[in-house]
Amino acid sequence: MRTQVAIIGAGPAGLLLGALLHKAGIDNIIIERQSADYVLGRIRAGILEQGTVNLLHEVGAGQRLAAGGTPHHSIELVFKNQRHSVDVTGLTGGKVVTAYGQTEVTRDLMDARASSGLTTVYEAGDVSIHDFDSAQPKVRFMQDGQQQELACDFIAGCDGFHGVCRASVPKNAIHEFERVYPFGWLGVLADVPPVSPHAIVYGNHERGFSLCSMRSLTRSRYYVQCPMTDKVEQWSDAAFWDELRLRIDPELAEKMVTGPSIEKSIAPLRSFVAEPMRFGSLFLAGDAAHIVPPTGAKGLNLAASDVKYLSDAFIDFYLEKSMAGVDGYSQRALARVWKAERFSWSLTSLLHRFPDTDGFGQKIQEAELDYLVHSSAASTALAENYVGLPL
Ligand code: RFL
Ligand code: PHB
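### Quick notes on the side chain of T106
- Among the structural elements, T106 can be located in helix 6 (residues 102-115).
- Leaving out residues up to four positions away in the same chain, T106 has contacts with A10, P12, L15, V39 and L40.

As structure tokens, this is what we get:
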């Protein structure tokens, strides 16, 4: 088997890269460890920046998003039991974010890929990458009990945080930066109308962080901060709703419609960056290279901006016969990554209760939040980062 770009991983990064390359006439094959249904079953992100929405339209995967995505013009911050609106659209000259589930993004990209007749190998076993310090890299994997080898010009490591690509780079060639937060997010998905259909609501409370988000006008996604030692089984639906109500303002709590959860899980929070993002013929993109805590809703959007830069680099190489894009990829991507890391870290620090957040710490957070919602300079900075820095 041979292709121009071998893509490892069929998450949003791999699928979008495949679509961008196909549009430019560049051959690619995706190798994915899991089944398509497994990939579609992972409930994750929900908020898309305009740049991500534009890329989905560019590759012809935007029809369902245009019909079913919900644009948000503001976010709301709850502290001291009061809700404050930040007019994101007004502060950014008209920009919006769009609520549309990662599962739907993945489904749309998978459907577009299938209708273009492009190859994705699902349930590939023992995936390994070879010779990426040369111009003839290879990917080996098991398919239906047979060993396969895929020869290519480049390997795109889009295989997430626990993937094989970053792990295959010699330790002395990579520098990792990491911060692990001492809490997680307990998330619930439920078929109830969102309590706030026009804005994402982020809450700072003495009992911990809370978040009210949505997937559609009939499906809500809610989160509360919890200790990482908690087990999902400990949290009944009733206990979750009671806790969430305590952490938001009374008017919202009163309005909240509750119902049985259709998914419930606990996610750890981490900041992580691996530098550089290129090793010879191997390029990392998305969660394979970096993780942000979900507080800023940046993970999926960073995966999208990485693969936009990476597709530009490969287009330069194949169509312009230039190495400039390939050589500049890591630096270009990392400049945007670190700004999103900073934003996600700062919002996480501002909104969560840490083990050492005492009365003083809580008061400082509340003072900063108060400043944020009453200073147009501060709320403009928040809004500009929330809608996504320019590509
Ligand atoms: P993914 O989605 O992890 O996909 C990687 C794919 O690679 C496959 N794979 C392998 N394939 C072959 N061989 C191997 N050895 C392999 N190892 C792994 C995996 O099976 C998988 O299919 O990474 P990608 O594409 O980089 O996408 C990143 C996003 O998924 C992630 O950043 C977001 O979900 C983060 N995130 C959010 N991002 C946003 O932009 N907005 C949000 O609102 C948002 N909310 C969230 C989030 C993440 C969360 N969790 C659970 C961590 C909310 C939560 C709770
Ligand atoms: C979500 O809808 O899952 C979501 C929204 C905003 C975030 C994180 C997750 O910051």
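Picking up after the structure, the text goes on.
### Describing the site of ligand 1
- Around ligand 1, a shell composed of 32 residues is seen, among which E32, R42, Q102, D287 and L300 lie nearest.
- Interatomic distance of 2.6 Å between a side-chain N/O atom of E32 and an oxygen atom of ligand 1.
- In this structure, N301 approaches ligand 1 through a main-chain N or O atom, which is 3.1 Å from an oxygen atom.
- The set of elements that each furnish at least two residues to the shell around ligand 1 consists of helix 1 (12-23) and helix 9 (299-320).
- The element that contributes the greatest number of residues to the shell around ligand 1 is helix 9, accounting for three residues.

### Quick look at the packing of aromatic side chains
- With the rule as written, the count across this model stands at 17 aromatic pairs.
- Their ring planes at 80° and their centres at 5.1 Å tell us that F161 and F272 sit as a pair that is edge-to-face. Taken together, the residues span a long stretch of sequence, with F161 in the loop between strand 12 (154-157) and strand 13 (175-190) and F272 in strand 17 (residues 261-275) at a distance of 111 residues. Each member of the pair, F161 as well as F272, carries the same accessibility label: buried.

### Quick notes on empty space enclosed by the protein
- Under the counting rule described, the total for this entry stands at three cavities of 30 Å³ or more.
- Put simply, the largest cavity is a space of about 60 Å³.
- As for the largest cavity, its lining consists of E49, K298, L302, R336, K339, A340, N385, G388 and L389.
- Residues belonging to the lining of the largest cavity are distributed by class as follows: three nonpolar, two polar and four charged.

### Re unusual backbone geometry
- The omega torsion across E275 and P276 is -10°, close enough to zero to call that bond cis.
- Looking at the secondary structure, you find P276 in the loop between strand 17 and strand 18 (278-279).
- Of note in the backbone geometry, D144 takes a positive phi value of approximately 50° without being a glycine.
- Examined against the element boundaries, D144 turns out to sit in the loop between strand 10 (138-143) and strand 11 (146-151).

### Brief notes about the sheet that holds strand 17
- Taken in spatial order, the eight strands of this open sheet run 6-5-14-15-16-13-17-20, and their pairing is mixed. With one partner strand each, in any of the chains shown, strand 6 (82-86) and strand 20 (290-291) form the two edges of the open sheet.
- Two elements, strand 5 (residues 74-79) and strand 6, share five bridges in a ladder whose sense is antiparallel. Residue pairing across strands places L77 opposite H84, the latter belonging to strand 6.
- Strands in contact with helix 10 (residues 324-351) are strand 13, strand 14 (199-203), strand 17 and strand 20; relative to strand 17, the strand with the most contacts, it is inclined by about 125°.
- Relative to strand 5, helix 11 (residues 359-374) is tilted by about 150°, and along the sheet it contacts strand 5 and strand 6.

### Here's the deal with the pattern of salt bridges
- Per the counting criterion, the structure on display carries 22 salt bridges.
- The partner of R336 in a salt bridge is E49, and the shortest N-O contact between them spans 3.1 Å. Here the residue R336 occupies a position in helix 10, and E49 occupies one in the loop between strand 3 (47-48) and helix 3 (50-58), the gap between them amounting to 287 residues. Assigned by exposure class, R336 and E49 land together as buried.
- The partner of D108 in a salt bridge is R64, and the shortest N-O contact between them spans 2.8 Å. Note that D108 is positioned in helix 6 and R64 in helix 4 (residues 63-68), a separation of 44 residues in sequence.
- A residue is classified by how much of its surface remains accessible, and R64, at 40% relative accessible area, is partly exposed.

### Quick look at the site of ligand 2
- Not every one of the 13 residues close to ligand 2 is listed here, only the nearest: Y202, S213, R215, Y223 and P294.
- One of the side-chain N or O atoms of R215 is found 2.8 Å from an oxygen atom in ligand 2.
- Protein contacts shield 97% of the accessible area of ligand 2, which totals 280 Å² for the unbound molecule.
- Only strand 15 (210-216) and strand 16 (219-226) provide two or more residues apiece to the shell around ligand 2.
- The element best represented in the shell around ligand 2 is strand 15, accounting for three residues.
- Split by residue class, the shell around ligand 2 holds seven nonpolar, three polar and three charged.

Parameters at a glance
Residues numbered from 1 in each chain as written. Chains lettered and ligands numbered in written order. Predicted model: local features only at pLDDT ≥ 70, side-chain atom pairs only at ≥ 80, totals over all residues. Heavy atoms only, no water. Helix = DSSP H or I, 4+ residues; strand = E, 2+ residues; numbered from the N terminus. Contact = heavy atoms within 4.5 Å. Near = heavy atom within 4 Å. Polar contact = N/O pair within 3.5 Å; in protein donor to acceptor, adjacent residues only side chain to side chain. Phe/Tyr/Trp six-rings, centres within 6.5 Å; stacked < 30°, edge-to-face > 60°. Buried < 20%, exposed > 50% of the residue type's maximum accessible area, 1.4 Å probe, protein only. 1 Å grid on protein atoms, 1.4 Å probe; cavity = no way out; pocket = protein on both sides within 12 Å on 5 of 7 lines; lining within 4 Å. Points joined across faces, edges and corners; volume = space filled by probe spheres on them. Nonpolar A, V, L, I, M, F, W, Y, C, P; charged D, E, K, R; others polar. Pairing = 2+ DSSP bridges. Axes fitted to C-alpha atoms, helices over the stretch in contact; angles between N-to-C directions. Salt bridge = Lys/Arg side-chain N within 4 Å of Asp/Glu carboxyl O. Areas by Shrake-Rupley, 256 points an atom, 1.4 Å probe, with all protein chains shown as cover.

Geometric values such as these leave the question of function open.
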